[in-house]
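# Observations on the model geometry
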Amino acid sequence: MSYNLFENETLLATIDKPTNWKQSEFLIETKVSKPFKLVGDIWNGQYRFIRDEEEFGIVSHKVWSTGEFGIAVKKEEHVPLILSVVVVMALLRNSGLA
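Residues numbered from 1 in each chain as written. Predicted model: local features only at pLDDT ≥ 70, side-chain atom pairs only at ≥ 80, totals over all residues. Heavy atoms only, no water.

## Quick word on the overall build of the protein
For the protein, the helix and strand inventory stands at 1 helix and 7 strands. Order of helices (α) and strands (β) in the protein, N terminus to C terminus: β-β-β-β-β-β-β-α. When burial is assessed residue by residue, the protein has 34% of its 98 residues classed as buried. A separation of at least 24 residues holds for 25% of the contacts in the protein among residues at least 6 apart in sequence. A total accessible area of about 6,300 Å² is found for the protein, and carbon and sulfur atoms account for 53% of it. (Helix = DSSP H or I, 4+ residues; strand = E, 2+ residues; numbered from the N terminus. Buried < 20%, exposed > 50% of the residue type's maximum accessible area, 1.4 Å probe, protein only. Contact = heavy atoms within 4.5 Å. Areas by Shrake-Rupley, 256 points an atom, 1.4 Å probe, with all protein chains shown as cover.)

## Focus on helix H1 (residues 79-94)
Helix length check: H1, at 16 residues, gives a terminal C-alpha distance of 22 Å against a target of 22 Å (1.5 Å per residue), a fit within 8%. Burial in H1 covers these residues: Leu81, Ile82, Val85, Val86, Val88, Met89, Ala90, Leu92 and Arg93. (Expected span 1.5 Å × (residues − 1).)

## Notes on the environment of Asn44
Structurally, Asn44 is set in the loop between strand E4 (36-41) and strand E5 (46-51). Along the sequence, Asn44 and Lys62 sit 18 residues apart, while their C-alpha atoms lie 8.0 Å from each other.

## Some remarks on the pairing of E4
Direction of pairing for strand E3 (residues 25-30) relative to E4: antiparallel, over a ladder of 4 bridges. Residue pairing across strands places Phe26 opposite Leu38, the latter belonging to E4. (Pairing = 2+ DSSP bridges.)

Pasting the structure below:
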C-alpha cells in the first residue's frame, strides 16, 4: 500500500508503507528530489528524513500534546513537501496505520 501526495492535480510524491512495522522505515519517491526515507520511531513521532545516508530533516512530536511538533529542515529542501509528509504521517499515526 502507498499514499500519494498531489500538488495542483500533479503527483508530487508517493509514500510507500513499510514492510516491517518493528523497524518503521517509509520510502518517499518524489519528482521534486531524489527518493528519501523516514527513519525512527514513527509511532511516537520522533523520526528523521534521510537521503543518500545524509540527514536533512528531523521531526519531534510531543506524544501527549494536542498536536505540537518540532520540525527542522535543512536549507534548500522543498519545505512544502516535507511538511506534507509530516502531516500525512501524523494522520496515519493518529488513525493507527503507521
